[in-house]
Amino acid sequence: MSTTRPYPPGDLGPEPGGAGASAAPAAAPVGQIRRLRLAGTRGAVARGRDFARQALHDWGWLPAASADRRAAAEDVLLVVSELVTNACLHAEGPEELRLRCTNKVLRLEVSDLGTGSPAPRSPHRPGRPGGHGMFIVQRLCLDWGVVRNADGTGKTVWAELAAPS
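S.K.: Would you take a moment to explain the packing of aromatic side chains for this structure?
M.R.: Remark: the centre distance and the inter-plane angle together describe each pair of aromatic rings, the angle taken between the planes. Scanning all chains against the criterion turns up zero aromatic pairs. A cation over an aromatic ring shows up here: arginine 107 above the ring of tryptophan 158, its NZ or CZ 4.3 Å from the ring centre.

Encoded structure:
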């Protein structure tokens, strides 16, 4: 489904252009980045979901006009929950959540100060509790990866989902 490639956060490749290019929802300010500071806060997962939901409203993804758009928005909220939860459970808590909407994708980034690297549990065991977060991210996203901070403290876990058509 998905591959992991550690390219820098924000490197989304060239934007589609010219005639026939698909456009983002009319309300979406292309390339806008939204940031939510989460360091030291309680209820980080709920705050992250609420923040993402508001961005999706502002960018025209919600309220959804079709089942496909509704599913795309729900996928975004689930991936935000999984990435923030992983930072809470395995990396001493998230530092920041960033969202970036372009014509092609919505990029989600969660930075933390942890040393580990997330990976889908292998083998995946659907009947067992826990350990499903990165499997879900891998299944729902176009791509995801981990980028270590240049100073060696912490990392950014990013995931990209297709913008609804």
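S.K.: Is there a simple way to think about the pattern of salt bridges in this case?
M.R.: Oppositely charged side chains can form a pair if their charged atoms are brought close together. Per the stated rule, a full pass over the model turns up nine salt bridges. The salt bridge partner of glutamate 95 is arginine 37, with a shortest N-O separation of 3.5 Å. Taken together, the residues span a long stretch of sequence, with glutamate 95 in strand S2 (residues 94-101) and arginine 37 in strand S1 (residues 33-37) at a distance of 58 residues. The residue glutamate 96 makes a salt bridge to arginine 98 at a minimum N-O spacing of 2.5 Å.

S.K.: Help me out: how do you make sense of helix H2 (residues 67-90) in this one?
M.R.: Helical periodicity: at 3.6 residues per turn, an α-helix aligns residues three or four positions apart in one direction. Between the first and last C-alpha of H2 there are 34 Å, a value that for 24 residues agrees with the 34 Å anticipated at 1.5 Å per step. Trailing H2 by a residue or two, glutamate 92 shows a phi angle of about 65°, which is positive.

S.K.: Would you mind showing me how to read the sheet that holds strand S5 (residues 155-162) here?
M.R.: If you trace the five strands from one edge of the open sheet to the other, you get S1-S2-S3-S5-S4, paired in antiparallel fashion. The open sheet has two edge strands with one neighbour each: S1 and strand S4 (143-148). Here the strands of the sheet are splayed against their neighbours by 15° on average, with no regard to which way each runs. Contacts from helix H1 (residues 44-58) reach S1, S2 and strand S3 (105-112), with the element oriented near 160° to S1. Of the strands in this sheet, S2, S3 and S5 touch H2, which is tilted by about 15° from S3.

S.K.: Mind showing me how you'd approach helix H3 (residues 133-140) here?
M.R.: For H3, the complete set of buried residues consists of Gly133, Met134 and Val137. Down the axis of H3, the sector holding all buried residues measures 90°, keeping them to one side. At its buried positions, H3 is contacted by H2, S4 and S5.

S.K.: What is the right way to read the layout of surface pockets from this model?
M.R.: Gaps left between atoms show up when a probe the size of a water molecule is rolled over them. If you add up the space inside the largest pocket, you get close to 380 Å³. Together, 23 residues line the largest pocket, and Asn86, His90, Pro118, Ala119 and Met134 are the ones closest to its centre. Among the elements of the structure, H2, S3, H3 and S5 are those that each provide at least two residues to the lining of the largest pocket. Element by element, the count of residues in the lining of the largest pocket is highest for H2, at seven residues.

Basis of the calculations
Residues numbered from 1 in each chain as written. Predicted model: local features only at pLDDT ≥ 70, side-chain atom pairs only at ≥ 80, totals over all residues. Heavy atoms only, no water. Phe/Tyr/Trp six-rings, centres within 6.5 Å; stacked < 30°, edge-to-face > 60°. Lys NZ or Arg CZ within 6 Å of the ring centre and 35° of its normal. Salt bridge = Lys/Arg side-chain N within 4 Å of Asp/Glu carboxyl O. Helix = DSSP H or I, 4+ residues; strand = E, 2+ residues; numbered from the N terminus. Expected span 1.5 Å × (residues − 1). Pairing = 2+ DSSP bridges. Axes fitted to C-alpha atoms, helices over the stretch in contact; angles between N-to-C directions. Contact = heavy atoms within 4.5 Å. Buried < 20%, exposed > 50% of the residue type's maximum accessible area, 1.4 Å probe, protein only. Arc of directions from axis to C-beta. 1 Å grid on protein atoms, 1.4 Å probe; cavity = no way out; pocket = protein on both sides within 12 Å on 5 of 7 lines; lining within 4 Å. Points joined across faces, edges and corners; volume = space filled by probe spheres on them.

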